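Chain and residue survey
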Amino acid sequence: MTSRPSLDRVLMLLHAFPLDKSVWDGVVGPVSEAGWDVVVPDLRGFGESRYGPDGPDDEPSLAAMARDVVGILDRIGARSAVVGGLSMGGYVAMELLRQAPDRVAAMILADTKGTADDDVARANRLRVAEQVLAAGSTEALARAMVPTLVGTTTLAARPAVVDRVRRVIEATDPAAVAWAQRAMAARPDSLPTLAGFAGPALVLWGEQDVVSPRSEQDLLLASLAGGRFEIVEDAGHLSAMEAPEAVSAALVRFLAEVPAGPG
Ligand code: MLT
């Protein structure tokens, strides 16, 4: 996490699954330079917030992750923040909006979905959870996921990004993968929650994203009263890792129009 924010322009950025806060490495600098205090946590079980040897002991739910985020806002003394999330991070941001709407000054939803899983997707998540726990490793998961997480341009022309994504996934704790898959499988439809949000919102989408398709972005935008849409060219689902300059520029443009709050 970055150092203690100055409480008036706080941006909380939540990472994708099954990755960690390094998803935002290329974004934190430019957005900080634009005058924002950027807070980038590892969601529970991921990155440096790795579980202990006994693994997670509470029921998998995005509500628990959102409570963690409220805890961070409390600790840094921020009454509210602009909350942004990439994919799973977006699910957590929407859960935070459901739980503590007064803490969300504006939203950034990147390569994510407002809908709940259908039965097939839910069953697949539960199967992956079992598989990684049985394997005790995320190597097979990395092999399976990397080609769909990044876009065709990144696969063809950004080998360092592909390698970084693979390495982060391989370093992820299987217990965190299983817990988060079960939490995401249980998530509700967030579109009604978004419909009740009157603040500024940015929907950001890598044009090669096949994980959170364009149709899902249209649903987000139809639900958000104050939603603006930006497309990130030559990027897939992990837009912030694949095209950090374009994502940073989109964030800075959006944040310039967000009224500075009390933090
Ligand atoms: C992510 O990138 O966070 C995942 O694709 C989210 C999901 O599995 O739905």
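I will try to describe carefully the structure that is included in this document. Every value quoted in this text rests on a predicted model; they were computed, and no experiment measured them. (Residues numbered from 1 in each chain as written. Predicted model: local features only at pLDDT ≥ 70, side-chain atom pairs only at ≥ 80, totals over all residues. Heavy atoms only, no water.)

**Some words on the packing of helix H2 (residues 62-76) against helix H8 (residues 174-185)**
For any two helices packed against each other, the geometry comes down to the angle between their axes and how far apart the axes lie. For the pair H2 and H8, the least separation of the axes is 8 Å and the interaxial angle reads 105 degrees. Between H2 and H8, the angle falls in the class roughly perpendicular. Where H2 approaches H8, its residues Leu-62, Ala-64 and Met-65 are matched on the opposing element by Trp-179, Ala-180, Ala-183 and Met-184. A class-by-class count of the residues in the contact of H2 with H8 yields 7 nonpolar, no polar and no charged. (Axes fitted to C-alpha atoms, helices over the stretch in contact; angles between N-to-C directions. Helix = DSSP H or I, 4+ residues; strand = E, 2+ residues; numbered from the N terminus. Parallel < 35°, antiparallel > 145°, perpendicular 65-115°, else oblique. Contact = heavy atoms within 4.5 Å. Nonpolar A, V, L, I, M, F, W, Y, C, P; charged D, E, K, R; others polar.)

**Let's talk about unusual backbone geometry**
Cis peptide bonds are those with omega within 30 degrees of zero, and the linkage from Phe-17 to Pro-18 qualifies with -5 degrees. Relative to the elements of secondary structure, Pro-18 occurs in the loop between strand E1 (10-14) and helix H1 (25-33). Despite not being glycine, Ser-87 has its phi angle at roughly 55 degrees, a positive value. Along the polypeptide, Ser-87 turns up in the loop between strand E3 (81-86) and helix H3 (88-99). The class for Ser-87 is buried, based on a relative accessible area of 7%. Phi angles above zero are rare outside glycine, and Asp-234 is one such case at about 55 degrees. Locating Asp-234 in the fold gives a position in the loop between strand E6 (227-232) and helix H11 (239-242). You can call Asp-234 partly exposed: its relative accessible area is 37%. (Buried < 20%, exposed > 50% of the residue type's maximum accessible area, 1.4 Å probe, protein only.)

**Remarks on the layout of surface pockets**
Over the atoms rolls a probe the size of a water molecule, and in doing so it shows where empty space is left. Empty space within the largest pocket amounts to approximately 480 Å³. Mapped onto the lining of the largest pocket, the elements with two or more residues apiece are H3, helix H4 (119-135), helix H5 (139-149) and H8. In terms of residues, the lining of the largest pocket owes the most to one element, H5, which gives 5 residues. Residue classes in the lining of the largest pocket are distributed as 12 nonpolar, 7 polar and 5 charged. (1 Å grid on protein atoms, 1.4 Å probe; cavity = no way out; pocket = protein on both sides within 12 Å on 5 of 7 lines; lining within 4 Å. Points joined across faces, edges and corners; volume = space filled by probe spheres on them.)

**Thoughts on the nonpolar core**
Counting residues in each nonpolar core, the largest one holds 91 residues, and the members touching the most others are Leu-11, Met-107, Val-165 and Leu-251. Looking at which element gives the most residues to this core, the answer is H2, with 9 residues. Ignoring any residue separated from it by four or fewer positions in sequence, one finds Leu-11 in contact with Val-31, Trp-36, Asp-37, Val-38, Val-39, Val-82, Ile-108, Leu-251 and Leu-255. (Core = buried A, V, L, I, M, F, W, Y, C linked by side-chain atoms within 4.5 Å.)

**Some words on H2**
Its 15 residues place the ends of H2 21 Å apart at the C-alpha level, agreeing with the 21 Å of an ideal helix rising 1.5 Å per residue. Buried within H2 we find Leu-62, Ala-64, Met-65, Ala-66, Val-69, Val-70, Gly-71, Ile-72, Leu-73 and Ile-76. For H2, the elements touching its buried residues are E1, strand E2 (37-39), E3, H3 and H8. Backbone geometry just after H2 places Gly-77 at a positive phi near 75 degrees. (Expected span 1.5 Å × (residues − 1).)

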